[in-house]
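# Per-entry structural report
Listed here are the chains, written in short residue letters.
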Amino acid sequence: MSVGTRAAPAAPVAAPVTPPRRPGRPRFLARALPLAPAVILLLLFLAGPIAYCAYIAFTDLQLTGQAHSSFVGFENFRAAFKDEAFLNAVWLTLVFTVLSSLVGQNTLGLALAALMQRASKPVRTLVGGIVITAWVLPEVVAGFLLYAFFRREGTLNAILDWLRLPTQNWLFTLPILAVSFANVWRGTAFSMLVYSAALNEIPKEITEAAEVDGAGGWRRMWHITLPMIRRSIGTNLMLNTLQTLSVFGLIWVMTRGGPGNRSQTLPLFMYEQAFQKSMIGYGTAVALLLLVVGALFSVVYMRLLRTEV
């Protein structure tokens, strides 16, 4: 090596890369142990009863002093789809859900939320108080109030008679419409609260810009408001539908599913088969079918929620 020539500096030696340490069993137990009581309670009081009900649906269990029940497979489900009363209950359940939840509560709740955005504070307080009062009433109390409103000698016929309009026995002539109106009256507050929160999240600059561009109220609602609260609409529809499918006390107090079976939805049909006719296996099979109906609605709404705005 000649004088004046410097040796090239040696390349730095890279430090050995240590693989990330996996959490050991003690750390896993420390994280899982606090969840153990909740998991045990869910298994005992949720998963356990559901699994037992699913088993009962495939048996001929009855409440008539039967010593032993036998496994009958899908016989209860085949009997249900051959039963005209069951098919009538499915149809009335769909009518009740569409009228009172998809159309009634959803539309009226959105309309009230939109109107209250422009109302003065005293009006918002008064309307909100009235609507929420109907929501917090127990289902049985609300049923008695609406029964008194729709019965032959009730408030509605008194108003119609004062206006010189024809009256009728609404609970006899139009029972499914009467109970649908009752469910709308009781459950609209939830939709109103959901949509009020969603409308407050819309930036005012967007609506003001659309108003400056000449867009009217309906065009702003259709092209701006509804697309921006689409996820809130899907969530509200799913929660309202699942709640409406399980309504029992309201209809039971007002009509008991009658007259005949003209307002007998699936929860009332299930109750009649299981506890009045003592066919627990058949009634539980109907309950599982009602669960399937709710699951189908949930799948549709979940697909709606996945759609990006």
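Everything that follows concerns the structure shown earlier in this document.
This section reports on the structure supplied with the text. (Residues numbered from 1 in each chain as written. Predicted model: local features only at pLDDT ≥ 70, side-chain atom pairs only at ≥ 80, totals over all residues. Heavy atoms only, no water.)

Enumeration over the complete set of coordinates arrives at two salt bridges. Here glutamate 75 makes a salt bridge to arginine 78, at a shortest N to O gap of 3.2 Å. With a gap of three residues between them, glutamate 75 and arginine 78 both fall in helix 3 (residues 75-82), about one helical turn apart. Among the salt bridges present, the one from glutamate 153 reaches arginine 151, with a minimum N-O distance of 3.5 Å. By relative accessible area, glutamate 153 is classed as exposed at 57%. (Salt bridge = Lys/Arg side-chain N within 4 Å of Asp/Glu carboxyl O. Helix = DSSP H or I, 4+ residues; strand = E, 2+ residues; numbered from the N terminus. Buried < 20%, exposed > 50% of the residue type's maximum accessible area, 1.4 Å probe, protein only.)

A few words now on helix 2 (residues 36-56). In a regular helix each residue adds 1.5 Å, so 21 residues correspond to 30 Å; helix 2 covers 28 Å between its end C-alpha atoms and thus fits that length. The largest bend along helix 2 measures about 40 degrees and falls at leucine 43. (Expected span 1.5 Å × (residues − 1). Bend = angle between axes of the 7 residues up to and from the residue.)

A full pass over the atoms with the stated rule returns 15 aromatic pairs. On the basis of an interplanar angle of 15 degrees and a centroid distance of 6.4 Å, the ring pair of phenylalanine 149 and phenylalanine 181 is categorised as stacked. On the criterion of sequence distance, the pair formed by phenylalanine 149 in helix 6 (residues 139-150) and phenylalanine 181 in helix 9 (residues 175-200) is long-range, its members being 32 residues apart. For phenylalanine 181, a relative accessible area of 42% corresponds to the partly exposed category. Taken together, Phe58, Phe71, Phe74 and Phe77 form an aromatic cluster joined through their ring pairs. (Phe/Tyr/Trp six-rings, centres within 6.5 Å; stacked < 30°, edge-to-face > 60°.)

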